[in-house]
There are 2 protein chains.
Amino acid sequence: MSSDIEIAQAATLRPIHDIAQRLGLAPTDLHVYGQHMAKLTQATVNHLHSQPSRAKLILVTAINPTPAGEGKTTTTVGLTDALNLAGYQALACLREPSLGPVFGMKGGATGGGYAQVVPMENINLHFTGDFHAISAANNLLAALVDNHIYHGNALQFDQVSWRRCMDMNDRALRRITINQPTSYDTGFDITVASEVMAIFCLATDLADLTRRLGRVQVGVSQQGKPILASDLQAEGAMTALLKDAFQPNLVQTLEGSPALLHGGPFANIAHGCNSLVATQTALRLADYVVTEAGFGADLGAEKFMDIKCRQSGLRPDMAVVVATVRALKYHGGVEVADLNSENLPALAVGIDNLKKHVDNMRQHFGLPVLVALNHFTQDTEAEVAQLRAAVESWGSSLHVCKHWAEGGKGALELAHAVAALAQQPANPTLLYEDHLSLPEKLTVIAQSLYGADGVTLSELAQKQLLDMAGASDGLPVCVAKTQYSLSSDAKLRNVPQNHTLHVRELRLSRGAGFVVAICGDIMTMPGLPKQPASGRIAVDDSGRILGLS
Amino acid sequence: MSSDIEIAQAATLRPIHDIAQRLGLAPTDLHVYGQHMAKLTQATVNHLHSQPSRAKLILVTAINPTPAGEGKTTTTVGLTDALNLAGYQALACLREPSLGPVFGMKGGATGGGYAQVVPMENINLHFTGDFHAISAANNLLAALVDNHIYHGNALQFDQVSWRRCMDMNDRALRRITINQPTSYDTGFDITVASEVMAIFCLATDLADLTRRLGRVQVGVSQQGKPILASDLQAEGAMTALLKDAFQPNLVQTLEGSPALLHGGPFANIAHGCNSLVATQTALRLADYVVTEAGFGADLGAEKFMDIKCRQSGLRPDMAVVVATVRALKYHGGVEVADLNSENLPALAVGIDNLKKHVDNMRQHFGLPVLVALNHFTQDTEAEVAQLRAAVESWGSSLHVCKHWAEGGKGALELAHAVAALAQQPANPTLLYEDHLSLPEKLTVIAQSLYGADGVTLSELAQKQLLDMAGASDGLPVCVAKTQYSLSSDAKLRNVPQNHTLHVRELRLSRGAGFVVAICGDIMTMPGLPKQPASGRIAVDDSGRILGLS
């Protein structure tokens, strides 16, 4: 089998104008970046948004990720290809990858095997520059804050809370001390965890983008009053920096299905969904929009519902929960080295992780659910049969998918099942009501979705809760915690019992319209591993990139 | 008169394919970014570089800049337009603007009035993302260094000299303390001052780019040995990040002349010229290539000759020195508020600054020189006559240019004079020989070009000189000093006497192949002014950017 980059580089891509034509878009609707990438123009986006939504919205989510790999992005791509192959008109709606993980452990985020979005190298590196624009807007605001203090501090900053950001896994920037104009401790977050990224992904249009940027809180005055970006006249220039980036990006899958890739907050430390603008655009361009929420359903899907859908009024028609036999065996206690062997007892245990996520999506969000089994060649017939029996015993159905090896035709069964289920009436609901207090909202999430006994707040978080009293009323919470566990402890697999969600820190994101609750030891700036992936990346004499994964 | 952005936004731009066609390029030679911007593909660049250079190369430089404005970029654009209008085939070759000054005092860098390159807003903001790519490559290397130390420090770093960079005027990042893995002081430079930017602009091709990136020195080991980027296997991934950016950008002037914009090191704190790749490409695409070196001839032109030309073998055919009556009166002692009044005695004094630069270009670099007088409406006939008489008394000629108000037809006289002079045989020379010591090279520059008595080195610089002994042999020097004076003191106008060049710090740029000598109080990270330009920038409801200058 070839590597992902070899498959991607061997593919013959269609001109992006042909992909646009499948969506009924003309060349004038596009701002192209070479032959194979484009942004939809703002005029086209505005025009589409004035029309009614016509698509069914399918949310692809997953069990808790493991070192074995689950394949949520490949399933989103494979399902889209399969729907198109089956004669439905489908469009994938995904996040853009962050540069940081490309040089770290995880690699890129464009799918894999024969279920990829392309051009893979461009998308995984700078793509159309959106994340650089977001970093620049974020860091312009930081420069304006410190510059304001340097030139006399007329706003009487007592404390600066705004942090800089960089689209890089740079552990050393987590905590830095700035020495000028006054010495204080601050740091960088990875761009995908920044509030500007969240705002970018939640704003309805350019005017809303500007409004939200203006109400970003950057610090507190000596009188204890919040100081906002608008106090520094920053929001206009920030919008100017984001204006082009704000237009959704159109690319294609290896099979020529259209895909909108736009925005990319991480789902562990941010809210985890592609931009609202892209989703709203997609819903006017196809009959089926397949979208993905990052990591497991406890993180991505919850925030998709309770943040993105809550703020926008959007509702999905159904959910697909992705699992692999290997990952479920891992949740059942098997170590990575032993995952290639059949192990029915371990699978029987690990199935509980899948059941919890399926239950959550159905009971707490009111969504019809299918299970997509992302098939590996080592999976035995007995394992698949055991899993299928379990899923069917819950009243759901299991669909074996081989899109990684076969492309869309490997996910045809799933596609037909999805197309049928999406037509059923659904009654999607949100997990908690706006009027609850922040601790009450956290408690609902922790108890009902994570299976936790309750929630504790650190002293710092308790102080921060008091500080944001009033300002945080009615806002949803964005939980930042490990993706590897239903709990906030990355080591606890499957469905942990007797655990408490400990909130270390609360950050008010006035512009994004949520409160970030940082739980456990999750970091808003990742680090690189001992052997970073960067060491394998090179450019050959013909200008071809090697070693990207 | 309309503002620059109003003129730019009112213009009807030609499709970039039409601009390319003027250069004999086909659509397949381009990687387009929308309708009006493109990169030349690497294959096209490689093909062109295999052909002989056919163009005359005209270097546009200037007197020392003043708050009155000189108009070097407008003259480069206006001269290119005028040459094309006169029936010559001309191409402008310029630097890309940095984002930092756009939000600070200076504003953008795309020319002004009717002598601009467009699309102005795109070029001044993210353009095709080149500077973001350079920042990312620089900062990946920094992350790899600290990550290496965190994971055990096998290379035994004793000292980290590599700094991070950001394309922003962010004073507070000049000196920061990093707290993890070990606490040490470091900082950010503006991207246009980074060694990666210099390497990007001096590399002959992708392979040379990788080689140079690999030999970047990032620190010193406990054994006192230099540690290079290649010791961290960083150069392949850095090249992957820079690969697309490395292709020159094609845009147009308001009159449809082609312009290559590529790379953009500042000329005060870096070497100040657009990329070598763009210049070499341009020389195969037109009969006249008009290029600009940043700030005054003491900085930009010197480094153009002694760094870019020395390393590449390139030689210009002639130089145009740009001056304004207002700026010369300022050098003659007139304050900004009084520049609108005729002042022949002050002009007679300030003319010395122009004479020094003209002499330098002729005597020390062996270049034929013309003087372009960038005309302002307040200039009196008597002032122009006095200036003309002076210039002619030195054996040169003066050409009054009104391209700012009139476009190319305002610079026709200059164009004809340039076309004639460029045909004359020239004998360009470099200022100093490779084998001189670093202090000797600095002394030649300071004495012959700046009119200084000599050079002093701080204790730090003396220690650094010893540390880089051997490694710096044969390398040219890149002087970082104020642009406002021939001396290193920004307050000393005209032709300062009795001054000494004081070198505060030396930085070895192994990859770029030069030693940076930081003189006086020049900063490699600028700050924002009290009223940053960002406060005036906004996006209106139609998505149009306002207030950019």
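Predicted, not measured: the structure shown is a model, and the values here were computed from it.

What counts and how
Residues numbered from 1 in each chain as written. Chains lettered and ligands numbered in written order. Predicted model: local features only at pLDDT ≥ 70, side-chain atom pairs only at ≥ 80, totals over all residues. Heavy atoms only, no water. Least-squares fit on C-alpha atoms with pLDDT ≥ 70 in both. Contact = heavy atoms within 4.5 Å. 1 Å grid on protein atoms, 1.4 Å probe; cavity = no way out; pocket = protein on both sides within 12 Å on 5 of 7 lines; lining within 4 Å. Points joined across faces, edges and corners; volume = space filled by probe spheres on them. Helix = DSSP H or I, 4+ residues; strand = E, 2+ residues; numbered from the N terminus. Nonpolar A, V, L, I, M, F, W, Y, C, P; charged D, E, K, R; others polar. Pairing = 2+ DSSP bridges. Axes fitted to C-alpha atoms, helices over the stretch in contact; angles between N-to-C directions. Parallel < 35°, antiparallel > 145°, perpendicular 65-115°, else oblique. Left-handed = near helix turned anticlockwise from the far one by under 90°. UniProt positions renumbered as here; feature names shortened; annotations may be inferred. Buried < 20%, exposed > 50% of the residue type's maximum accessible area, 1.4 Å probe, protein only. Lys, Arg positive; Asp, Glu negative; His and termini not counted. Salt bridge = Lys/Arg side-chain N within 4 Å of Asp/Glu carboxyl O. Polar contact = N/O pair within 3.5 Å; in protein donor to acceptor, adjacent residues only side chain to side chain.

1. Focus on the relation of the copies chain A and chain B
- Of the two same-sequence chains, chain A is brought onto chain B (RMSD 0.0 Å, axial shift 0.0 Å) by a rotation of 180 degrees. Such a combination of rotation and displacement between the chain copies is what one expects of a two-fold axis.
- Taken as a fraction of all interface residues of chain A, those also at the interface in chain B reach 100%, which identifies the copy contact as same-surface.

2. Points about empty space enclosed by the protein
- In this structure the tally under the stated criterion is four cavities of 30 Å³ or more.
- Its volume calculated, the largest cavity comes out at about 260 Å³.
- Contributing to the lining of the largest cavity are 17 residues, with His-132 and Ser-135 of chain A together with His-132, Ser-135 and Asn-139 of chain B lying nearest its centre.
- If you list the elements that add at least two residues to the lining of the largest cavity, you get α7 (130-150) and β8 (164-166) of chain A together with α7 (130-150) and β8 (164-166) of chain B.
- Classifying every residue of the lining of the largest cavity gives nine nonpolar, six polar and two charged.

3. Regarding the sheet that holds strand β9 (residues 176-178) of chain A
- Strand order in the open sheet formed by four strands is β10(A)-β9(A)-β9(B)-β10(B), with antiparallel pairing between adjacent strands. Only two strands of the sheet have a single neighbouring strand rather than two, namely β10 (184-186) of chain A together with β10 (184-186) of chain B. Here the average twist between neighbouring strands, direction ignored, is 35 degrees.
- Bridge count between β9 of chain A and β10 of chain A: three bridges; the pairing is antiparallel. Its bridge partner being in β10 of chain A, Ile-176 of chain A is matched across the sheet by Thr-186 of chain A.

4. Some points on the packing of helix α4 (residues 72-85) of chain A against helix α17 (residues 412-422) of chain A
Residue and element names in this part refer to chain A.
- Running from N to C, α4 and α17 point in directions that differ by 75 degrees, and their axes come no closer than 8 Å. Taken together, the axes of α4 and α17 lie roughly perpendicular to each other. Judged by residue contacts, Thr-75, Leu-79, Ala-82, Leu-83 and Leu-85 of α4 engage Leu-412, Leu-414, Ala-415, Val-418 and Ala-419 from α17.
- Of the residues contributing to the contact of α4 with α17, the split by class is nine nonpolar, one polar and no charged.

5. A word on the packing of helix α14 (residues 344-364) of chain A against helix α15 (residues 381-393) of chain A
Residue and element names in this part refer to chain A.
- Where α14 contacts α15, the axes come no closer than 10 Å and their chain directions differ by 35 degrees. Crossing of α14 against α15: the hand is right-handed. Only Ala-382, Glu-383, Gln-386, Leu-387, Ala-390 and Val-391 of α15 make contact with α14, whose side of the interface consists of Leu-344, Leu-347, Ala-348, Ile-351 and Leu-354.
- Among the residues making up the contact of α14 with α15, the classes are represented as nine nonpolar, one polar and one charged.

6. A few points about the UniProt feature "binding site: ATP" (unreviewed entry) in chain A
Residues and elements named next belong to chain A.
- The residues that UniProt annotates with the feature "binding site: ATP" (unreviewed entry) are Thr-66, Pro-67, Ala-68, Gly-69, Glu-70, Gly-71, Lys-72 and Thr-73.
- Within the secondary structure, Ala-68 is located in the loop between β3 (56-62) and α4.
- On the basis of relative accessible area, Ala-68 is assigned to the buried category, the value being 13%.
- The contact partners of Ala-68, leaving out residues within four places of it in the chain, are Arg-326, Ala-327, Leu-339 and Phe-376.
- Here Gly-71 lies in the loop between β3 and α4.

7. Section: the side chain of Arg-171 of chain A
- Inspection of the secondary structure puts Arg-171 of chain A in the loop between β8 and β9.
- No salt bridge forms around the buried Arg-171 of chain A; measuring N to O, its nearest opposite-charge neighbour Asp-170 of chain A is 7.2 Å away.
- Of note is the side chain of Arg-171 of chain A, whose polar atom sits 2.8 Å from the side chain of Asn-147 of chain B.

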